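Examining the three-dimensional arrangement
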Amino acid sequence: PEPRSACSGVAAVRGSQRAVGVQNYLEEAAKRLNSVVPVKFTISSRTDAGVHALSNAAHLDIQRRSGQPPFSPEVLAEALNGHLRHPAIRVLQAFRVPSDFHARHAATSRTYLYRLATGCQRPDQLSVFERNRCWALRADCLDVDAMQEAAQHLLGTHDFSAFQSAGSPATSSVRTLRRASVSPDLGSPFVLPQENRLQFWNLEFESQSFLYRQVRRMTAVLVAVGLGALRPAQVRVILESRDPLGRHQTRVAPACGLFLKSVQYGSPGGNPACVQWESQDPGGKEAPA
């Protein structure tokens, strides 16, 4: 069964708020490492409540007591997993990194995966194992060729203001989108033969960094193209408008279909630690990440 104590995004929730982020659980586990100073995680990529991570990253500093050797990466990962108190979070790997390493600023590439399902006329027609793992569309099919054509208008360096939600801390809305692809999923292992009306699709986006909800808003526009509500060329018009409140760009794809797939760095090496982890967030209150 799915854990119902869903996290409210990745970033730590401070103060008297009842919501809890993935970072809260990581830092709570790190308290058991008995560092001389409290351990704080600096997160590579913050995500909203309901968004999953196949792999996220953070750096942390651990100051052990005099005479105690540093934790090895393997021991650190094992210790954090042993103390984690949420079944949907798992540390995958730890590395030593230079003292000037920054998990967010040093990232050279981030890739997001968005999963769609077509042929789902009612919510109860989707496999229980796929719920909260994709955006289930009532349409029986998508015009994938049109979506791929539309995605080409998003590639390159642009002002992506039209795909940015309010609340972004970014000082500039210019980003370089290196890859935007639409492809059929090979098939979910959780869908039975009698449910062959369902078809799954993957959208992938790669950039060094993204604006707040940029991927979910680009996905919503590409889905509109796939459903015939927009022509591919209109995506360029939306992009060049720089208007996030236009008729077609106000819709945001549901958080449940979005996965942070990977965060890429140069070769790590040094003294502080960087950890990679995966997390599954089936729901919860939206966090202003």
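Residues numbered from 1 in each chain as written. Predicted model: local features only at pLDDT ≥ 70, side-chain atom pairs only at ≥ 80, totals over all residues. Heavy atoms only, no water.

Details of the nonpolar core
In this structure, Leu116, Phe163, Phe205 and Met218 are the most contacted members of the largest nonpolar core, which totals 49 residues. Going through the elements one at a time, strand E2 (52-60), strand E4 (109-118), helix H3 (144-152), strand E7 (174-184), strand E8 (199-207), helix H4 (214-226), helix H5 (232-241) and strand E9 (258-264) are the ones with two or more residues in this core. In terms of residue count, the dominant contributor to this core is H4 (eight residues). The residues that make up this core include at least three from each of domain 1 (8-105) and domain 2 (108-265). (Core = buried A, V, L, I, M, F, W, Y, C linked by side-chain atoms within 4.5 Å. Buried < 20%, exposed > 50% of the residue type's maximum accessible area, 1.4 Å probe, protein only. Helix = DSSP H or I, 4+ residues; strand = E, 2+ residues; numbered from the N terminus. Domains from an automatic or database assignment.)

Describing the packing of H3 against H4
In contact at an axis separation of 8 Å, H3 and H4 are set at 140 degrees when each is read in the N-to-C sense. Classed by the angle they form, the pair H3 and H4 counts as oblique. By crossing handedness, the relation of H3 to H4 is classed as right-handed. Judged by residue contacts, Ala146, Met147, Ala150 and Ala151 of H3 engage Leu222, Val223, Val225 and Gly226 from H4. For the contact of H3 with H4, the per-class residue count stands at seven nonpolar, one polar and no charged. (Axes fitted to C-alpha atoms, helices over the stretch in contact; angles between N-to-C directions. Parallel < 35°, antiparallel > 145°, perpendicular 65-115°, else oblique. Left-handed = near helix turned anticlockwise from the far one by under 90°. Contact = heavy atoms within 4.5 Å. Nonpolar A, V, L, I, M, F, W, Y, C, P; charged D, E, K, R; others polar.)

Remarks on the UniProt feature "active site" (unreviewed entry) in the protein
Mapped onto this structure's residue numbering, the UniProt feature "active site" (unreviewed entry) falls at Asp48. With respect to the helices and strands, Asp48 occurs in the loop between strand E1 (42-43) and E2. Reaching out from Asp48, the side chain makes a polar contact with the side chain of Arg213 at a distance of 3.1 Å. (UniProt positions renumbered as here; feature names shortened; annotations may be inferred. Polar contact = N/O pair within 3.5 Å; in protein donor to acceptor, adjacent residues only side chain to side chain.)

Comments concerning the state of the cysteines
Across all of its chains, the model carries zero disulfides by this definition. Summary of cysteine pairing: Cys134 is not part of a disulfide, and the nearest cysteine sulfur, belonging to Cys256, is at 6.7 Å. (Disulfide = S-S within 2.5 Å.)

Quick word on H5
Taken together, the buried positions of H5 are occupied by Pro232, Val235, Ile238 and Leu239. On an axial view of H5, the arc spanned by its buried residues comes to 100 degrees, and they lie on one face. The outward face of H5, more than 90 degrees from its buried face, is lined by the exposed residues Val237 and Glu240. Contacts made by the buried residues of H5 are with H3, strand E6 (156-159) and H4. Two residues or fewer after H5 comes Arg242, characterised by a positive phi angle close to 55 degrees. (Arc of directions from axis to C-beta.)

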